[in-house]
Amino acid sequence: MASDFPGMLTVFVGLPLLLVATLVLAVLLIFRRHGWARALGILCGVPVLLGGVYIACVDTWRFWPSVGHNEFGFRLVIILGCGLLWLCVLALLWLFWKTPPRGTTPQYP
């Protein structure tokens, strides 16, 4: 049972990875007009997003609770937490992508 625990990858790798990436990207967001911060944010965010999708495909779907399960609330909170953190990383990555570099003026149609 311990060797095939559904949700172990999600709880012990996915959540911490997404949480740390969200915090790092939030700090880098302060410096997003600098080219180095944008590049570092994008280089950090894209692999985390892909890793989150991989973890969801491999492990999180098996962790989905059934209605009669005794840990329904805990499992639902973990899954929703992973989804919300993934969306936070996606939103922060979008801000890095769309923010023009310093010294350029945005082009309006």
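Up top is the structure these notes are about.
Note that the coordinates shown come from a computational prediction; the quantities given were computed from them, not determined experimentally.

### Notes on the overall build of the protein chain
Reasoning step 1: Along the backbone of the protein chain there are three helices and zero strands.
Reasoning step 2: Tracing the protein chain from N to C terminus, the helices and strands come up as α-α-α.
Reasoning step 3: Taking all 109 residues of the protein chain together, the buried fraction comes to 31%.
Reasoning step 4: In the protein chain, the share of contacts with a sequence separation of at least 24, taken over all contacts with a separation of at least 6, comes to 75%.
Reasoning step 5: For the protein chain, the accessible surface area stands at approximately 7,300 Å², while carbon and sulfur atoms represent 76% of it.

### Notes on the environment of Val46
Reasoning step 1: Within the fold, Val46 resides in helix α2 (residues 35-58).
Reasoning step 2: Spatially, the C-alpha atom of Val46 lies 8.5 Å from that of Leu90, the residues being 44 residues apart in sequence.

### Structural notes on the side chain of Asp59
Reasoning step 1: Positionally, Asp59 belongs in the loop between α2 and α3 (72-98).
Reasoning step 2: Relative accessible area serves as the criterion here: at 4%, Asp59 is assigned to the buried category.
Reasoning step 3: When residues no more than four places from it in sequence are discounted, the contact partners of Asp59 are Phe5, Pro6, Gly7, Met8, Leu9 and Thr10.

### Examining the side chain of Thr10
Reasoning step 1: Checked against the element boundaries, Thr10 lands in helix α1 (residues 8-28).
Reasoning step 2: For Thr10, a relative accessible area of 0% translates into the label buried.
Reasoning step 3: At a separation of 2.8 Å, a polar atom in the side chain of Thr10 contacts the side chain of Asp59.
Reasoning step 4: Residues within four places of Thr10 in sequence aside, it is in contact with Leu15, Ile55, Asp59, Thr60, Ile78 and Cys82.

### A few points about α3
Reasoning step 1: The terminal C-alpha atoms of α3, which comprises 27 residues, lie 39 Å apart, in line with the 39 Å expected from a rise of 1.5 Å per residue.
Reasoning step 2: Of the positions making up α3, those classed as buried are Arg75, Ile78, Ile79, Cys82, Leu85, Val89, Leu92, Leu93 and Phe96.

### Some remarks on the packing of α1 against α3
Reasoning step 1: Across the interface, α1 lies against α3 with an axial gap of 9 Å and an inter-helix angle of 30°. Comparing their axes, α3 and α1 come out roughly parallel. Where α1 crosses over α3, the handedness of that crossing is left-handed. Taken together, the residues of α3 that come into contact with α1 (itself represented by Thr10, Val11, Leu15, Leu18, Leu19, Ala21, Thr22, Leu25, Ala26 and Leu28) are Ile78, Gly81, Cys82, Leu85, Trp86, Cys88, Val89, Leu92 and Phe96.

What counts, and at which threshold
Residues numbered from 1 in each chain as written. Predicted model: local features only at pLDDT ≥ 70, side-chain atom pairs only at ≥ 80, totals over all residues. Heavy atoms only, no water. Helix = DSSP H or I, 4+ residues; strand = E, 2+ residues; numbered from the N terminus. Buried < 20%, exposed > 50% of the residue type's maximum accessible area, 1.4 Å probe, protein only. Contact = heavy atoms within 4.5 Å. Areas by Shrake-Rupley, 256 points an atom, 1.4 Å probe, with all protein chains shown as cover. Polar contact = N/O pair within 3.5 Å; in protein donor to acceptor, adjacent residues only side chain to side chain. Expected span 1.5 Å × (residues − 1). Axes fitted to C-alpha atoms, helices over the stretch in contact; angles between N-to-C directions. Parallel < 35°, antiparallel > 145°, perpendicular 65-115°, else oblique. Left-handed = near helix turned anticlockwise from the far one by under 90°.

None of this, on its own, says anything about what the molecule does.
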